[in-house]
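Topology and contacts: notes
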Amino acid sequence: VQLQASGGGLVQPGGSLRLSCAASGVIFSADAMDWYRQAPGKQRELVATIISGSNTDYADSVKGRFTISRDNARKTVYLQMNSLKPEDTAVYYCHVRRTLGLITVDYWGQGTLVTVSS
C-alpha cells in the first residue's frame, strides 16, 4: 500500500483546508485510516482516525473543528479542517493500520505541510 497525501498549504487563522490521502493497492474497510501530525520540535500525534467509514475518533484539540471521512471506493481518506489555529501548524501524515489476527501492519504516506499564519 502506498499513500499519497495532498491539500496542505498556507491559511490564515480561522480558515479551512481539506487534506486528501489516496491509497494505491488494496484497502479493506476494516483498515483503520488515520491522520497524524508533527509540529516542529514536537512528537508526532494522532489527530483523527476512522474505521469502517463511520467509527471515528479525534484528539481533544481538534474536536468540533476537524472531520475525518473516507471513500472506500476511491480508497481515499479526507481531513476537513475548519477554524484553523496557529497551533495546528504541522506536517500532516496519513496512515493505514491493518490488523491481521495478532499481526499489525502500518503504512505511512509522505507528509503535507499545513501552515496557519496571518
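Please refer to the structure placed before this passage.
Described below are features of the structure shown in this document. None of the values given here were measured: they were computed from a predicted structure.

The rules behind the values
Residues numbered from 1 in each chain as written. Predicted model: local features only at pLDDT ≥ 70, side-chain atom pairs only at ≥ 80, totals over all residues. Heavy atoms only, no water. Buried < 20%, exposed > 50% of the residue type's maximum accessible area, 1.4 Å probe, protein only. Helix = DSSP H or I, 4+ residues; strand = E, 2+ residues; numbered from the N terminus. Pairing = 2+ DSSP bridges. Disulfide = S-S within 2.5 Å. Polar contact = N/O pair within 3.5 Å; in protein donor to acceptor, adjacent residues only side chain to side chain. Contact = heavy atoms within 4.5 Å. Phe/Tyr/Trp six-rings, centres within 6.5 Å; stacked < 30°, edge-to-face > 60°. Lys NZ or Arg CZ within 6 Å of the ring centre and 35° of its normal.

This next bit is on the pairing of strand β4 (residues 32-38). Of all the 7 residues making up β4, 6 are buried; the element is thus mostly covered by neighbouring parts of the structure. Note: β4 against strand β5 (residues 45-51), 6 bridges, orientation antiparallel. Bridge pairing in β5 places methionine 33 opposite isoleucine 50. The hairpin formed by β4 and β5 contains 6 residues between the paired strands, and glycine 41 there has a positive phi angle of roughly 75 degrees. The sheet contact formed by β4 and strand β9 (residues 90-100) spans 7 bridges and is antiparallel. Bridge assignment links tryptophan 35 to a residue of β9, and that residue is cysteine 94.

Attention now moves to the state of the cysteines. Applying the stated criterion across every chain yields a total of 1 disulfide. With its sulfur 2.1 Å from that of its partner, cysteine 21 forms a disulfide with cysteine 94. Its S-S torsion of approximately 55 degrees makes the covalent link between cysteine 21 and cysteine 94 right-handed. Of this pair, cysteine 21 sits in strand β3 (residues 17-24) while cysteine 94 sits in strand β9, placing them 73 residues apart in sequence. With respect to burial, cysteine 21 and cysteine 94 carry one shared label: buried.

Now for the environment of serine 118. Within the element layout of this structure, serine 118 appears in the segment after β11 (112-116). Spatially, the C-alpha atom of serine 118 lies 15 Å from that of alanine 90, the residues being 28 residues apart in sequence.

Here the focus is the side chain of arginine 98. Positionally, arginine 98 belongs in strand β9. Polar side-chain contacts of arginine 98 include one of 2.7 Å to the side chain of aspartate 31. Setting aside residues up to four positions removed in sequence, arginine 98 forms contacts with Val1, Val26, Ile27, Phe28, Asp31, Ile103, Thr104, Val105 and Tyr107.

Turning to the packing of aromatic side chains, a few remarks are in order. The final tally for this structure, using the stated rule, is 1 aromatic pair. Positioned over the ring face of tyrosine 93 is arginine 44, at 3.8 Å from the centre of the ring. In this structure, arginine 44 is placed above the aromatic ring of tryptophan 108, and the distance from its NZ or CZ to the ring centre is 4.7 Å.

Among the secondary structure elements, proline 40 is positioned in the loop between β4 and β5. Looking at proline 40, the relative accessible area reads 72%, which means it is exposed. Sequence separation of proline 40 and tyrosine 58 is 18 residues, and the distance between their C-alpha atoms is 21 Å.

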